Amino acid sequence: MDLLNVIRSSAGNRKDDDATDRLNHIYTSMLLILFAVVVTTKQYVGEPIECWCPAQFTGNYIRYTSNICWVKNTYYISMDEMVPETNSLKDKPQLRYYQWMPFILLGLALFYQLPCLFWRANNESSGMNLDNIINISIQYIDAGNMDTKDNCVKMLTKHFDRYLEMRKRWNRPNTRRVDFVKEIMRAACVCTGRKYGNYITLLYVTTKSMYLLNTVAQFILIDMLLSNGVVNGYGIRLVQNFINGESFKGSYYFPRITLCDFNVREMGYEVIGHRYTVQCVLSINLFSEAIFAFYWFWLIMAVCFNAFSLCKWVWYSLFKSDSINYIRKHIRDELIDEGDMYSTLRDFVLNYLRSDGVFAMRLISHNSTDIVVTDLVSAMYENFKIRKSALEPSDTGVPYEKNILLN
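Basis of the calculations
- Residues numbered from 1 in each chain as written.
- Predicted model: local features only at pLDDT ≥ 70, side-chain atom pairs only at ≥ 80, totals over all residues.
- Heavy atoms only, no water.
- UniProt positions renumbered as here; feature names shortened; annotations may be inferred.
- Helix = DSSP H or I, 4+ residues; strand = E, 2+ residues; numbered from the N terminus.
- Buried < 20%, exposed > 50% of the residue type's maximum accessible area, 1.4 Å probe, protein only.
- Contact = heavy atoms within 4.5 Å.
- Areas by Shrake-Rupley, 256 points an atom, 1.4 Å probe, with all protein chains shown as cover.
- Disulfide = S-S within 2.5 Å.
- Phe/Tyr/Trp six-rings, centres within 6.5 Å; stacked < 30°, edge-to-face > 60°.
- Lys NZ or Arg CZ within 6 Å of the ring centre and 35° of its normal.
- Expected span 1.5 Å × (residues − 1).
- Pairing = 2+ DSSP bridges.
- Salt bridge = Lys/Arg side-chain N within 4 Å of Asp/Glu carboxyl O.

- As recorded in an unreviewed UniProt entry, the chain goes by the name Innexin, listed as coming from Octopus sinensis.
- For the chain, the Function (unreviewed entry) comment in UniProt is given as "Structural component of the gap junctions."
- If you open the UniProt record of the chain and go to Subcellular location (unreviewed entry), you find "Cell membrane".

1. Things to note about the overall build of the chain
- A tally of regular secondary structure across the chain gives 14 helices and five strands.
- Put simply, the chain has 407 residues, and 41% of those count as buried.
- Considering only contacts in the chain between residues 6 or more positions apart, those separated by 24 or more positions represent 76%.
- Put simply, the chain shows about 23300 Å² of open surface, and 61% of that area lies on carbon and sulfur atoms.

2. Focus: the state of the cysteines
- As enumerated under the stated definition, the model contains two disulfides in all.
- At a sulfur-sulfur separation of 2.1 Å, the disulfide partner of C51 is C280. A torsion of 95 degrees about the S-S bond marks the disulfide between C51 and C280 as right-handed. In this pair, C51 sits in strand 1 (residues 49-52) while C280 sits in strand 5 (residues 274-282), placing the two residues 229 residues apart along the sequence. Accessibility classification places C51 together with C280 in one group, the buried group.

3. A word on the packing of aromatic side chains
- Evaluation of the coordinates by the stated rule reveals 22 aromatic pairs.
- Taken together, a centroid distance of 5.3 Å and an interplanar angle of 45 degrees make the contact between F219 and W296 tilted. Linking F219 in helix 8 (residues 199-226) with W296 in helix 10 (residues 283-318), this pair joins segments that are 77 residues apart in sequence. Here the two residues F219 and W296 agree in accessibility, since each one is buried.
- An aromatic cluster of at least three residues, connected via ring pairs, comprises F57, Y61, Y64, F262 and Y276.
- Seen from the ring of Y326, R362 lies directly overhead, with NZ or CZ sitting 4.3 Å from the centre.

4. Focus on helix 5 (residues 130-142)
- Taking 1.5 Å per residue as the helical rise, helix 5 with its 13 residues ought to reach 18 Å, and the 19 Å between its terminal C-alpha atoms agrees with that figure.
- Among the residues making up helix 5, those that are buried are L130, D131, I133, I134, I136, S137 and Y140.

5. Looking at the pairing of strand 1
- Of the two faces of strand 1, the one holding I49 and C51 is buried and the one holding E50 and W52 is not buried anywhere.
- Here four bridges tie strand 1 to strand 5, and the two strands are oriented antiparallel to one another. Looking across to strand 5, one finds that C51 is bridged to C280.

6. Thoughts on the pattern of salt bridges
- With the rule as written, the count across this model stands at 10 salt bridges.
- Put simply, D16 and R120 hold a salt bridge, and the shortest N to O gap is 3.2 Å. On the criterion of sequence distance, the pair formed by D16 in the loop between helix 1 (3-11) and helix 2 (19-44) and R120 in helix 4 (residues 101-124) is long-range, its members being 104 residues apart. For the pair D16 and R120, one class covers both residues: buried.
- For R22, the salt bridge identified is with D17, shortest N-O distance 2.8 Å. A single burial state applies to R22 and to D17, both of which are buried.
- One network of salt bridges, with partners in common, ties together D16, D17, R22 and R120.

7. Description of the pairing of strand 4 (residues 257-264)
- Counting buried positions along strand 4 yields six of eight residues, so the element is predominantly enclosed.
- Here eight bridges tie strand 4 to strand 5, and the two strands are oriented antiparallel to one another. What sits directly across from I257, in strand 5, is V281.

8. Examining the environment of F305
- You can see F305 is positioned in helix 10.
- For F305, a relative accessible area of 41% corresponds to the partly exposed category.
- For the pair F305 and L212, spaced 93 residues apart in sequence, the C-alpha separation works out to 8.8 Å.
- Every residue in contact with F305, bar those within four places of it in the chain, is listed here: T20 and L23.

Encoded structure:
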């Protein structure tokens, strides 16, 4: 699919995922974009840096000093250390990031969109349009009469039947030359793909893993920034110091007071000009550290939700008994034949719906109601029983459909 179409569709109001996914690619992204707007406003509307200039500096000199120190990197040296007199920057650790804070925050937000783009690009090419299915399910809920509800169920049933029939065509034996490399790869992947009925499920679990990996990686990065380059549980120490009433030492990467060297070319001095060293207050770092401190706690919540959601969907995809029980719960009792309930139901779940069908039912339930799932599963199960009984051999040993023709 064209990348532009994927991005356009992802920007729309789609509901082909669950609440945890939306926590990542909608709410967390919006939070980071909001932070970027706040930092940008501080940079271009307020005063992100103010420098203490020599007494002889006039107003133009002071404005020039603030501007050159903002554009040029400042450096940080502790108050209990001597300031090196050399012009070399080796002994002066530069702060190179504060001008780029809005872009850093936007970059962090972009990483939350990548799993969403991956999921929707591959989901739309799978043959099962989950977004369309869920939209029809929502129309079912909003329908005011039974005729509209019945039409919605029929549309959903036809969509699933079309997808499941297409999967049968993928399962037909291939008369062409066998590609042994692909066969080995399929065996190594434990029979995954469209023809095995678990392609969308595996795709969704992979997307969940990408969300979790992204939040864990960002959590480690933010904790290192706030803990002077090591993973040290910044938020825990912050809460402990707050409870004990102790002052908290800020991060080395977000100093409030920095130093700035610059040269002014004046008559009578060398070509490089007169060198000045001024002390500056980076008020933007106060905003930046507060933003990342809040984001640290937000990431703790996001990691927990992502880990729980991933484990839940992996459990759903691995344990077939749980899938059978879930589908049984959504089939009306009058459709259940106690004589061969287990064999028919098991055949319906494991051979007809398979993992992708059960996954779609769960996703519909997450985005609409269980009533939609009950009506849809009951209609599909009833159709399945009719088809199965039509293909069963009669007393003459001939399938029922063929026996009708013989008579």
